Amino acid sequence: MTYPVSAGENGLKLRPELMEKERLYHCMFKDKAMLLFKDSMDVLNCYEIEEADLVEKIRSCKDDSELEDLFAEYIKGHDVKN
């Protein structure tokens, strides 16, 4: 299956029709990590991460499950409350 998110010289290229709902996608654009997902109502959500340490950790992730584990640990370490 083709990955629905990619980055080029001029910005992100998105193919939301290929995205599964509630699945996190990511790509690197310049010195930023871009996180995207399509919610249960087909609304596309996009987040830009610039924090250098976190961007490098995201860059080193080999797959989506590793990325999800990274964010779970990040949230625990920063005492984020629901």
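Provided above is the structure to which this section pertains.
Residues numbered from 1 in each chain as written. Predicted model: local features only at pLDDT ≥ 70, side-chain atom pairs only at ≥ 80, totals over all residues. Heavy atoms only, no water.

**Structural notes on unusual backbone geometry**
Logical step 1: A positive phi angle, near 65 degrees, is found at Glu22, a position not held by glycine.
Logical step 2: Structurally, Glu22 can be placed in the loop between strand S2 (11–14) and strand S3 (25–29). (Helix = DSSP H or I, 4+ residues; strand = E, 2+ residues; numbered from the N terminus.)

**Here's the deal with the packing of aromatic side chains**
Logical step 1: Inspection of the entire model under this criterion finds 2 aromatic pairs.
Logical step 2: Judged by centre distance (5.5 Å) and plane angle (65 degrees), the rings of Tyr3 and Tyr25 are edge-to-face. With Tyr3 in the segment before strand S1 (5–8) and Tyr25 in strand S3, this pair connects stretches of sequence that are 22 residues apart.
Logical step 3: Accessibility expressed as a relative area gives 0% for Tyr25, which makes it buried. (Phe/Tyr/Trp six-rings, centres within 6.5 Å; stacked < 30°, edge-to-face > 60°. Buried < 20%, exposed > 50% of the residue type's maximum accessible area, 1.4 Å probe, protein only.)

**Let's talk about helix H2 (residues 64–77)**
Logical step 1: Its 14 residues place the ends of H2 20 Å apart at the C-alpha level, agreeing with the 20 Å of an ideal helix rising 1.5 Å per residue.
Logical step 2: Within H2 the residues assigned to the buried category are Asp64, Leu67, Leu70 and Phe71. When H2 is viewed along its axis, its buried side chains cluster within an angular range of 110 degrees and face the same direction. Exposed residues on H2 whose side chains face more than 90 degrees from its buried face are Asp69, Glu73, Lys76 and Gly77.
Logical step 3: Residues of H2 that are buried sit in contact with S3, strand S4 (32–38), strand S5 (44–49) and helix H1 (52–59). (Expected span 1.5 Å × (residues − 1). Arc of directions from axis to C-beta. Contact = heavy atoms within 4.5 Å.)

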